[in-house]
Each structure stands twice: as C-alpha cells, then as structure tokens.
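Architecture and fold: a report
The lines below spell out each chain.
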Amino acid sequence: MKAETRAVTIADVARHVGVAKGTVSRVLNNYSDISEATRQQVLKAIEELGYRPSSLARNLKRGRVDTVGMVLPIAGANATNPFLSEFLNGISYAFSKLDKDLLVSTAATAEDALAAYGRMLAARKVDGIIITRTLYEDPRVDYLLERGVPFVTHGRDSRCSEHAWFDVDNEGAMHQAVAHAFELGHRRIGFIGGSLKWNFARQRDEGYRAGLEDCGLVFDPELTCTSELSEQGGEEAAKALLMQGAPPTALLCMTDELGIGAINCARKLGLEVGVDLTVIGYDALPVGAHLDTPLTTFAQHMEDAGKNIARSLDAILRGDDPQNHQRLVPAAMVRRNSDGPPRLSSQDLAGKIRKAV
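To start, this report covers the structure provided alongside it. Quick caveat: nothing in here was measured; it's all calculated off a predicted structure.

The next point concerns the overall build of the protein chain. When you go through the protein chain residue by residue, the secondary structure sums to 13 helices and 12 strands. The C-alpha atoms of the protein chain give 27 Å as radius of gyration, which overshoots the globular expectation for 357 residues (21 Å, by more than 25%). Overall, the C-alpha framework of the protein chain stretches about 95 × 40 × 30 Å when taken along its three principal axes. Evaluated residue by residue, the protein chain yields a buried proportion of 50% over its 357 residues. Summed over its atoms, the accessible surface of the protein chain is roughly 16,700 Å², and 49% of this surface lies on carbon and sulfur atoms. For the protein chain, the separation between the mean place of its 41 positive charges and that of its 46 negative charges on side chains is 6 Å.

Right, here's the structure in full:
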C-alpha cells in the first residue's frame, strides 16, 4: 500500500531555507521587517516544496494580500455618521463573496489618516483603499493618486475624473427639494448648509442655487445660513433665518440633524411645522420618522453603496480601468408631514413669531 504523502509545514520551509519558523510566518503575514532577499528565498521554498495551506503564498508571490484598507475619521461630521454600520455591512458582505478582507483603522485628523495609509501600504497589508466622505480638496485622494494605489471613493472630489467613485446625486436631490417647495407655493425658500470643505455640502449648496434659478427665483444670501452639522446648529441657524423681518416660509436643510434642529426651533417660536413652516431634510435618519411632525427627507441606500464600492475596487484590482467605475445614483424623496403649502405669507409668519417671542 502506498504511504500517504505528508503535508508540507512551515517548519519544513524554515529548515529548507535555514531560517526560523517565525521568519517564514512573518513572510506569510506580509510583515515589512523581513529583508527582500530573505522574503524571496522563503517564497521560492514555498513554491518548490508545495506548501499550500491557502491562497496566501500565491497572493504574496504576485504581490497581493486580498485585503482592502479603510481609515475612518473619528472627528467632525464623520464621527456621528449614523449609516456607518450599514456602509460597512455592504462592503463586508461583498468582500466575503470575493474572498477578500477589510482592514479598518481610525484617525482623528487628515494627517493621522495619511499616516495610517502609509503604514498599511509600507507593511503591504492592503491591495487597495476605500475613502469615505470626501472633501472637495482631499489630501487622501492626492496621496493615493501620486503613489498609484488602487482606490475608490464614496463621494466625489475636485479630482474625481481621475479615479473611481460612487456617489449619490446631492445636487439633484436639493434641486428637487427646491422645485417641490416651489410647487407647494413657497417663494421665500431658505437653506441651512454646512462647511463647503465637504464635497457633499458643496453639491447640495449648488443644487439649491440651481433649483432657485430654474424656478425663476433670485438667490438671496439673507435666506441662507451655514452651520455645524448638528441639531443645535440647525436650531440656531433656523432661529437666525426665522427672526428676520421677511423670513422664509420653507427651510431646506443639508442634513436631517439640521432639519430636526429647525423643527425644534419652529416649535419654540410657536409655529406648526408642515402648516406654518415647511422643513425638508436629507439622510432619512430613522429618528426623523418618529418626530411629533415626521420629517420629509431624502434617502440613500448605504448598504448598496458599500457593495458597489467593494465590487468596483475588486474589478480595478483585477485590472479594470478605474474610470469605468464612476457611478452616480439618485436619492429618493421620502414625503412625511413636515412639508405643505404655505398657510401664512412671509410677513404674516414674521408677525406670528413676534407675538410668540
């Protein structure tokens, strides 16, 4: 009877090369503290001896680790992103079907994020990168483009023609919000936005302005206010706009958090949201559906976004042109109870507010 062939082990590879088992293990795990000469000796021995515990050795030989990196900001607007878990679920699901892993790190600043990317790439821990919530001028994009690293962004930026991205039509959604308010009968339509360093904020601001123009309305800076992207910021911005002599009868808010703050402000000023004042948000936060006056908003499917981004990056890693993976999808309007025809003129609204305060 023919004896069963014994499987080749790490110890066999180590003896063949004349190194410690730990050295072989560190090569298999792609550590950067192994000299290139030793790395090549170990990889050659793996091939000669037929050591095949998984696809890892083959990946290393071709320079692949089947892992994608992602650095999540933990400060500012990204820190409280309520859809992060959905986004990560989508990415993880798609990568699991593609036999890839996701390596996630965090960073408090843009400098920290670049340092994290540098560590991942220097240690050969990742094949590519996913960037989320882009800035208009994004140093992460510059860094990866300059180094020729495969990546996909969730959101566009000033250099989006040069790389792969997946984005929701922020301009189109806010343009639709203006048109909707106009069709309801509003003519003084206000806007609460955020810092234009965020590209989604810039796009929604542009959509608001384009929507006004298409409705034959003149942009009035007195009807706009920039705020921190929080409920408190929305409340303060709404108060600044509503306490004017000719306040807006509709407030379009860059995010649902701003919209919830605007509703809180309206309630304190004695206004009935959806009747005296229209408020429209963006994000479709679950909490918005459970307010005293449920918030009309726009929804985007974050899990689908994660799946699409993961599949695009996989295709790029297999050699596809990144410019074949630039996809824009619409946001869906979700009508609830916070919008309606204006019951009061701007002047009458101002009078009602004065009486309340």
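Here the focus is the sheet that holds strand E9 (residues 278-280). Pairing is parallel across the open sheet formed by four strands, whose spatial order is E7-E6-E8-E9. Edge positions in the sheet fall to strand E7 (224-226) and E9, since each of these pairs with one other strand and no more. Along the sheet, successive strands turn relative to each other by an average axial angle of 15°, direction set aside. Here four bridges tie strand E6 (residues 189-193) to strand E8 (residues 250-253), and the two strands are oriented parallel to one another. What sits directly across from Ile189, in E8, is Ala250. Running at roughly 170° to E6, helix H9 (residues 199-214) makes contact with E6, E7 and E8 of the sheet. Running at roughly 150° to E8, helix H11 (residues 256-268) makes contact with E6, E8 and E9 of the sheet.

Here the focus is the environment of Arg188. Of note, Arg188 is situated in the loop between helix H8 (170-184) and E6. In this view, Arg188 contacts Asp220, Leu223, Ala246, Pro247, Pro248, Thr249, Ala250 and Ser346; residues no more than four positions away in its chain are not counted. In this structure the side chain of Arg188 is engaged in a polar contact, spanning 2.8 Å, whose partner is the backbone oxygen of Ala246.

What follows concerns the side chain of Lys307. Position of Lys307 among the secondary structure elements: in helix H12 (residues 302-317). Excluding its chain neighbours within four sequence positions, the residues that come into contact with Lys307 are Gly90, Ile91, Tyr93 and Ala94.

The end-to-end C-alpha separation of helix H10 (residues 231-242) is 16 Å, in line with the 16 Å expected for 12 residues at 1.5 Å each. Along H10, the positions that sit buried rather than exposed are Gly233, Gly234, Ala237, Ala238, Leu241 and Leu242. What you see down the axis of H10 is that its buried residues fit within an arc of 150°, all on one side. Lining the buried residues of H10 we find E6, E7, E8, H11 and helix H13 (346-356).

So, how was this worked out
Counting restarts for each chain: residues are numbered from 1 in the order of the written sequence. The predicted nature of this model means local features are confined to residues of pLDDT at least 70 and side-chain atom pairs, given and counted, to a pLDDT of 80 or more, with totals for whole chains, interfaces and linings taken over all residues. Side-chain calculation: all heavy atoms of the structure are included, whereas hydrogens and water are not. Starting at the N terminus, helices and strands are each numbered in turn, a helix being any DSSP run of H or I of at least four residues and a strand any DSSP run of E of at least two. We compute the radius of gyration from the C-alpha atoms alone; for a globule the expected value is 2.2 Å times N to the 0.38, where N is the number of residues. Each residue gets one of three labels from its accessible area relative to the maximum for its type: buried under 20%, exposed over 50%, partly exposed in between, using a 1.4 Å probe on protein chains only. The accessible surface values rely on the Shrake-Rupley method and a 1.4 Å probe; as for residues, cover is taken only from the protein chains in view. His is not counted, nor are the chain ends; Lys and Arg add positive charge and Asp and Glu add negative charge. By convention, the charge on Lys lies at NZ, on Arg at CZ, on Asp at CG and on Glu at CD. Two strands are counted as paired when DSSP detects at least two bridges linking them. Axis lines are fitted to C-alpha atoms, over the contacting stretch for helices. Their N-to-C directions set the angle, which ranges from 0 to 180 degrees. Contacts are assigned to residue pairs that have any heavy atoms within 4.5 Å of one another. Polar contacts here mean pairs of N or O atoms no more than 3.5 Å apart (in protein, one a potential hydrogen donor and the other a potential acceptor; neighbouring residues in sequence count only if both atoms are side-chain atoms). Given a helix with a known number of residues, its expected span is that number minus one, times 1.5 Å. Arc, as used here, means the arc of the directions from the helix axis to the C-beta atoms.

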